[in-house]
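If you want the building blocks of each chain, they are given just below.
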Amino acid sequence: MGAYVISVLNHKGGVGKTTVVLNIAAALASRGKRVLVIDLDKQANATDRLLGSFKRNRPHLYDLLLDEEGALDAGDGLYPARAPFSTIRVLAGDARLGAAERDLSPADRPDVWSALKDKVSPLADEFDFILIDNPPSLNVLTAAGLVLAAGNGGFLIPLDLGSDSTKGAKAVVEAVGKLHKARVLEECPDFLGLVFALYQKAKAKGTKQVEVNARIAFSGKLAPIHVPHSSYVTEAAAAGKTVIETHPKSPVAAAYIALAEILTGEKLAVEKQAKRAALKVSSTARRKLKAPLKVKRPLKTRTREVRA
Ligand SMILES: Nc1ncnc2c1ncn2[C@@H]1O[C@H](COP(=O)(O)OP(=O)(O)O)[C@@H](O)[C@H]1O
Ligand SMILES: [Mg+2]
């Protein structure tokens, strides 16, 4: 699968998940990357912000997941984002995702865990990145998103340094472990790291210990990123935009751009590692093929002298 998948998760709402997804998507797209955003949240904030005046009667992610036969091609449910993000496609969420827990019960649909992966994988080479926005809960949909990320990327946890948000992060890490144990996840997606998504320098002293504890408890692959709390973000949101568009030179936009660059670097590193591993396997196989066939010497059979 060509695309690098990043699921943005925290059990707690209001910690900046959607904002992180939107701004990384915007930063990546403005660098020419092809991005697919999958909106697993019934609130569909990412869908609304990326699609603008999107017609509600077209197929959404919910239709795609419910369609067991695969009659609906995943391409049908992918919509191009509004200008200027022509390289972003959206697998749109809507309120019906709230019913998904009931309608997509693993008891009736044992394939539900891999439903998202099965639908999206054939299109994955058309994208450089797949970003998944999650609801503030851990349900069958978030699990399906993690299945897509496993082996193809990982997950990021945004935090706001409140204690609920740290609990939410803990719930995510525990849920990933449980899904792995239950073999829903054949391999664990990489824990990429923490994003302090609403970082307030003025409050940083008071929340230092929370930050230190979070860094110790959740040490991911990448160093934590600090996105400053900024009124530009709320202003941009009110205008239905991202700070990458409205205030591209601001410190908050710079933080999202830095995060997008770090993730691009990580994608390259993972690809290089996979290439090296493939080369190693093939050179070992070649060496084995070239090596002369070793014929095992027959074991010397000890013969005991029988004395007359
Ligand atoms: N860096 C930031 N500075 C200021 N406000 C922010 C920042 N990041 C997010 N917000 C605001 O915080 C609120 C919650 O963010 P959101 O991304 O919707 O969180 P979640 O998806 O986790 O529920 C939104 O109103 C958003 O505009
Ligand atoms: Mg959200």
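Placed above this text is the structure.
Being a predicted model, the structure only gives us computed values, none of them experimental. (Residues numbered from 1 in each chain as written. Chains lettered and ligands numbered in written order. Predicted model: local features only at pLDDT ≥ 70, side-chain atom pairs only at ≥ 80, totals over all residues.)

1. Describing the environment of Glu 245
Okay, step 1: For Glu 245, the position within the fold is in helix H11 (residues 243-246).
Okay, step 2: The exposure class of Glu 245 is partly exposed, given the 16 C-beta atoms found within 10 Å. (Helix = DSSP H or I, 4+ residues; strand = E, 2+ residues; numbered from the N terminus. Buried ≥ 20, exposed ≤ 12 C-beta atoms within 10 Å, placed from the backbone.)

2. Digging into the site of ligand 1
Okay, step 1: Taken together, 18 residues are adjacent to ligand 1, and Gly 16, Lys 17, Thr 18, Thr 19 and Val 233 come closest.
Okay, step 2: Across the shell around ligand 1, the residue classes tally to 8 nonpolar, 9 polar and 1 charged. (Near = placed C-beta within 6 Å. Nonpolar A, V, L, I, M, F, W, Y, C, P; charged D, E, K, R; others polar.)

3. Things to note about the nonpolar core
Okay, step 1: Core analysis: the biggest nonpolar cluster contains 90 residues, and Ile 24, Ala 25, Val 37, Leu 131 and Tyr 256 have the highest contact counts within it.
Okay, step 2: No other element matches the 9 residues that helix H1 (residues 17-30) contributes to this core.
Okay, step 3: Excluding anything up to four places from it in sequence, Leu 131 contacts Ile 6, Val 8, Val 21, Ile 24, Ala 25, Val 35 and Val 37. (Core = buried A, V, L, I, M, F, W, Y, C linked by C-beta atoms within 7 Å. Contact = placed C-beta atoms within 7 Å.)

4. Comments concerning the pairing of strand E5 (residues 129-133)
Okay, step 1: Across the 5 residues of E5, 5 count as buried, placing the element largely inside the fold.
Okay, step 2: Here E5 shows two buried faces, one formed by Phe 129, Leu 131 and Asp 133 and the other by Ile 130 and Ile 132.
Okay, step 3: Where strand E1 (residues 4-8) meets E5, 5 bridges bridge the pair, whose relative direction is parallel. For Ser 7, the partnering residue across the bridge sits in E5 and is Ile 132.
Okay, step 4: Pairing geometry for strand E2 (residues 35-39) and E5, over 5 bridges, is parallel. Bridge assignment links Leu 36 to a residue of E5, and that residue is Ile 130. (Pairing = 2+ DSSP bridges.)

5. Brief notes about helix H6 (residues 140-149)
Okay, step 1: For H6, the buried fraction is high: 10 of the 10 residues fall into the buried class.
Okay, step 2: All buried positions along H6 are accounted for by Val 140, Leu 141, Thr 142, Ala 143, Ala 144, Gly 145, Leu 146, Val 147, Leu 148 and Ala 149.
Okay, step 3: Immediately downstream of H6, the backbone of Gly 151 shows phi near 85 degrees, a positive value.

6. Observations concerning the environment of Glu 186
Okay, step 1: With respect to the helices and strands, the residue Glu 186 is situated in the loop between helix H7 (163-181) and strand E7 (190-199).
Okay, step 2: When the C-alpha atoms of Glu 186 and Val 147 are compared, they prove to be 8.1 Å apart, with 39 residues separating the residues in sequence.

7. Thoughts on the sheet that holds E2
Two orientations exist for strands paired in a sheet by backbone hydrogen bonds: parallel and antiparallel.
Okay, step 1: Overall, mixed pairing links the 8 strands, which are arranged E3-E4-E2-E5-E1-E6-E7-E8 in an open sheet. The sheet is open, and its two edges are formed by strand E3 (78-80) and strand E8 (225-228), each paired on a single side. Neighbour to neighbour, the strand axes of the sheet diverge by 25 degrees on average, direction disregarded.
Okay, step 2: Where H1 meets the sheet, its contacts fall on E1, E2, strand E4 (88-91), E5, strand E6 (153-159) and E7, and the angle it forms with E5 comes to roughly 160 degrees. (Axes fitted to C-alpha atoms, helices over the stretch in contact; angles between N-to-C directions.)

8. Overview of H7
Okay, step 1: The end-to-end C-alpha separation of H7 is 27 Å, in line with the 27 Å expected for 19 residues at 1.5 Å each.
Okay, step 2: In this structure, the buried side of H7 is in contact with H6, E6 and helix H9 (208-217).
Okay, step 3: The first or second residue beyond H7 is Arg 183, which carries a positive phi of 65 degrees. (Expected span 1.5 Å × (residues − 1).)

9. Quick notes on unusual backbone geometry
Okay, step 1: Note that the residue after Ala 83, namely Pro 84, is joined by a cis bond; omega there is 5 degrees.
Okay, step 2: On the secondary structure map, Pro 84 appears in the loop between E3 and E4.
Okay, step 3: Residue Ala 44 is not a glycine yet carries a positive backbone phi of 50 degrees.
Okay, step 4: Exposure remark for Ala 44: the 24 C-beta atoms within 10 Å place this residue in the buried category.

10. Side note on the environment of Ser 163
Okay, step 1: Secondary-structure assignment places Ser 163 in helix H7.
Okay, step 2: Accessibility expressed as a C-beta count within 10 Å gives 11 for Ser 163, which makes it exposed.
Okay, step 3: Linking Ser 163 and Ala 214, residues 51 residues apart in sequence, is a C-alpha distance of 9.8 Å.

11. A closer look at the packing of helix H5 (residues 112-120) against H6
Okay, step 1: The N-to-C vectors of H5 and H6 enclose an angle of 50 degrees; their axes lie 7 Å apart at closest approach. Taken together, H5 and H6 sit at an angle that is classed as oblique. For H5 against H6, the interelement crossing comes out right-handed. Where H5 abuts H6, its residues Val 112, Trp 113, Ser 114, Ala 115, Leu 116, Lys 117 and Val 120 lie against Val 140, Ala 143, Ala 144, Gly 145, Val 147 and Leu 148.
Okay, step 2: Within the contact of H5 with H6, the residues separate by chemical class into 10 nonpolar, 2 polar and 1 charged. (Parallel < 35°, antiparallel > 145°, perpendicular 65-115°, else oblique. Left-handed = near helix turned anticlockwise from the far one by under 90°.)

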